[in-house]
Amino acid sequence: MNTLLTALVIVLALLTGWLAWHYTRLRNGLEKFAQIIESTAAGDRPPESLPTDLPHLERISNAVHEFSSTFENQITTLDAERARLKATLTQITDGVLIVDSLGRIQMTNPAAEKLFSEGEPLEGKTVSVTLRHHQLIETWRKCQKTGLMQSEAVELPATRRMLQLIAIPDQHASGAILLVQDLTHLRRLETVRRDFISNVSHELRTPLASLKALTETLQEGALEDPTAAHRFLARIQTEVDALTQMATELLELSRIESGQVPLERRPITPASLLNAAADRMKTQAERAGLDLQVLPTPDLPAIRVDSPRMQQVLVNLIHNAVKFTEPGGSIQLSTHPEGVFIRFEVKDSGVGIPMDDLPRIFERFYRVDRSRTGGGTGLGLSIARHLVEAHGGRIWAESREGEGSTFYFTIPIDPA
């Protein structure tokens, strides 16, 4: 009996020791595995380093390793999708703001940063702080409240920009996607279109009214008076010529603006251009009692231009100077080097241009003083501007009222 009891005690002691050893080994393995998982979660080691062959923990370690690999693949996929979304947003010219349910911006694109950023990133800011306009903010709130797309167009008082906000609900994230379109340029084009139609209508009204009055006078009996009839027919011819010139210049301007006028560029010296234009306008200047001079300039590099078109620019500028210079005055033509450009100057001693009118003189149909234009369509300077810009240069004017005007334009030097 004692022997059996002793054997039983020994077995129990051995079993207890084996269990204690096994427990200690299992606990150490779990602690080591926990440390590895914590290190992996902290980013100190890659997920693929997770062991899969821990003694007695093979199923757990394999499951954790599989979960980690799946999670890592999902993160990689999400990062790729986010990068793809970011690249797509970058190419969109309209501003895009992706906001959460609380109105905090989660993602933007460069167009939105350009519209609303003040040097700091927009991500993390609220919609209210970013948009800074009650109508735009209310549009977003209405979208959040109704779950329906909302749209609103407003003009920002500070910048005079016309913006249209389209708020689209994001059903998956309970937020919204805000699309902001800058309509300023389109509104400006619409204004230009309206002004153009108004100007054309105004310019046509006067000669058409004159033609109507003249023909009615002839019909009422003036045809019976040869002297009066010839005088009225001469005036009709003048009005028809004015309408023809306007139609021609409008067509020319339209073709230039649309790029339908091919430029046949050839090398030519600046002095040759000045002399050719001066020769064409010399008789007109003499009839007006003006002294037209081409000032001597040093030898300058050649420029590559469409010579007839450049002569048209100079003739328009000289013609403009002739109209606004009193008899006895002078018009001086000159050229000067200016970096990689040649600067042309047409200077007159005429009546000058008021400061308020100076920025607008190259607009279509714009006239400084319609009462003293002496005819013309108001398109010559606009045509000159488009031709100069088509050659890669720019045109501008300087003037003081009563002290004459100077028109400048630059043309690039021929690199050949």
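Residues numbered from 1 in each chain as written. Predicted model: local features only at pLDDT ≥ 70, side-chain atom pairs only at ≥ 80, totals over all residues. Heavy atoms only, no water.

Turning our attention to the overall build of the protein chain. When its secondary structure is counted, the protein chain shows 10 helices and 12 strands. Across the 416 residues of the protein chain, 36% fall into the buried class. When contacts within the protein chain are restricted to residue pairs at least 6 apart in sequence, long-range pairs at least 24 apart make up 56% of them. Carbon and sulfur atoms make up 56% of the accessible area of the protein chain, which totals about 25100 Å². (Helix = DSSP H or I, 4+ residues; strand = E, 2+ residues; numbered from the N terminus. Buried < 20%, exposed > 50% of the residue type's maximum accessible area, 1.4 Å probe, protein only. Contact = heavy atoms within 4.5 Å. Areas by Shrake-Rupley, 256 points an atom, 1.4 Å probe, with all protein chains shown as cover.)

Next up on the list: helix α9 (residues 307–323). A rise of 1.5 Å per residue sets the reference length of α9, with its 17 residues, at 24 Å; its end C-alpha atoms lie 24 Å apart and thus fit the reference within 8%. Every buried residue belonging to α9 is among Ser 307, Arg 309, Met 310, Gln 311, Val 313, Leu 314, Val 315, Leu 317, Ile 318, Asn 320, Ala 321 and Val 322, and all of these are buried. (Expected span 1.5 Å × (residues − 1).)

Bringing the sheet that holds strand β10 (residues 341–348) into the picture now. The 5 strands are arranged β7-β9-β10-β12-β11 in an open sheet whose pairing can be described as mixed. A strand with exactly one partner marks an edge of an open sheet, and here the two such strands are β7 (291–294) and β11 (395–399). Across this sheet, the average inter-strand angle for adjacent strands is 20°, counted without regard to direction. Bridging between β7 and strand β9 (residues 330–338) involves 4 bridges; their strand directions are parallel. Considered in β9, the bridge of Val 294 is made with Leu 333. Sitting on the sheet, helix α8 (residues 270–287) touches β7, β9 and β10, and the angle it makes with β7 is about 170°. The strands touched by α9 within the sheet are β7, β9, β10, β11 and β12 (405–412), with β12 carrying the most contacts at an inclination of about 175°. (Pairing = 2+ DSSP bridges. Axes fitted to C-alpha atoms, helices over the stretch in contact; angles between N-to-C directions.)

Summary statistics for the protein chain give a mean pLDDT of 80 and a share of 80% for residues scoring 70 or more. A low-confidence stretch, residues 370–374 (pLDDT under 50), is modelled with 9 contacts involving residues beyond four sequence positions or located in other chains. (pLDDT = per-residue confidence, 0-100.)

Bridge analysis of β9 against β10 gives 8 bridges, and the strand direction is antiparallel. Counted as the bridge partner of Leu 333 is Val 346 from β10. The turn linking β9 back onto β10 is made up of 2 residues, and Gly 339 within it adopts a positive phi angle of 65°.

Our next topic: a nonpolar patch on the surface. On the surface, a nonpolar cluster with roughly 300 Å² of combined accessible area is contributed by Leu 5, Leu 8 and Leu 12. Given a relative accessible area of 48%, Leu 8 falls into the partly exposed group. (Patch = residues over 30% accessible without salt bridge, like charges linked within 9 Å, V, L, I, M, F, W, Y side chains within 5 Å. Salt bridge = Lys/Arg side-chain N within 4 Å of Asp/Glu carboxyl O.)

Here we come to the packing of aromatic side chains. One pass over the structure, following the stated rule, counts 3 aromatic pairs. Each ring, one from Phe 344 and one from Phe 409, has its centre 4.8 Å from the other, and the planes form 5°; the classification is stacked. Taken together, the residues span a long stretch of sequence, with Phe 344 in strand β10 and Phe 409 in strand β12 at a distance of 65 residues. For the residue pair Phe 344 and Phe 409, the accessibility class agrees, reading buried in each case. (Phe/Tyr/Trp six-rings, centres within 6.5 Å; stacked < 30°, edge-to-face > 60°.)

Most often, soluble globular proteins keep nonpolar side chains buried together rather than apart. Ranked by internal contacts, the top residues of the largest apolar core, which has 47 residues, are Phe 344 and Phe 409. By residue number, the principal contributor to this core is α9, which donates 8 residues. If we skip the residues at most four places from it in the chain, Phe 344 touches Pro 270, Leu 273, Leu 274, Ile 303, Leu 314, Ser 334, Thr 335, Phe 407, Tyr 408, Phe 409 and Ile 411. Residues Ala 112, Val 127, Leu 131 and Ala 167 belong to the second largest nonpolar core, which totals 21 residues. (Core = buried A, V, L, I, M, F, W, Y, C linked by side-chain atoms within 4.5 Å.)

Glancing now at the environment of Ser 349. One can find Ser 349 in the loop between β10 and α10 (380–390). Residue classification places Ser 349 among the partly exposed residues on the basis of a relative accessible area of 39%. On a C-alpha basis, the gap between Ser 349 and Ser 405 in space is 6.8 Å, while along the polypeptide they are 56 residues apart. Apart from the residues lying within four places of it in its own chain, the contact partners of Ser 349 are Thr 325, Gly 329, Ser 330 and Gly 404. Looking at Ser 349, its side chain comes within polar contact range of the main-chain nitrogen of Ser 330, at 3.0 Å. (Polar contact = N/O pair within 3.5 Å; in protein donor to acceptor, adjacent residues only side chain to side chain.)

Each pair of packed helices can be summarised by the angle the axes make with each other and by the distance between the axes. Between α8 and α9, whose axes approach to 9 Å, the crossing angle comes to 40°. Taken together, α8 and α9 sit at an angle that is classed as oblique. Crossing hand, α8 versus α9: right-handed. Residues Leu 273, Leu 274, Ala 276, Ala 277, Arg 280, Met 281, Gln 284 and Ala 285 of α8 form the contact with α9, whose own contacting residues are Ser 307, Met 310, Gln 311, Leu 314, Val 315, Ile 318, His 319 and Val 322. (Parallel < 35°, antiparallel > 145°, perpendicular 65-115°, else oblique. Left-handed = near helix turned anticlockwise from the far one by under 90°.)

The next thing to look at is the packing of α9 against α10. It is the contact of α9 with α10, at a shortest axis distance of 9 Å, that shows an interaxial angle of 145°. As α9 runs across α10, the sense of the crossing is left-handed. On α10, the residues touching Arg 309, Met 310, Gln 312, Val 313, Asn 316, Leu 317 and Asn 320 of α9 are Gly 380, Leu 381, Ile 383, Ala 384, Leu 387 and Val 388. Split into classes, the residues belonging to the contact of α9 with α10 amount to 8 nonpolar, 4 polar and 1 charged. (Nonpolar A, V, L, I, M, F, W, Y, C, P; charged D, E, K, R; others polar.)

For Arg 132, which is not glycine, the phi dihedral falls at a positive 55°. Counting through the fold element by element, Arg 132 comes out in the loop between α4 (127–131) and α5 (134–146). With a relative accessible area of 47%, Arg 132 lands in the partly exposed category.

The first and last C-alpha atoms of α5 sit 18 Å apart over 13 residues, in line with the 18 Å expected at 1.5 Å per residue. Looking only at α5, the buried set comprises Leu 136, Ile 137, Thr 139, Trp 140 and Cys 143. Taken end-on, α5 shows its buried residues confined to a sector of 155°, consistent with a single buried face. Away from its buried face by more than 90 degrees, α5 exposes His 134 and Lys 145. On its buried face, α5 is in contact with β1 (95–99), α4, β3 (150–156), β4 (161–170) and β5 (175–182). Positioned one or two residues after α5, Gly 147 has a phi angle of 75°, which is positive. (Arc of directions from axis to C-beta.)

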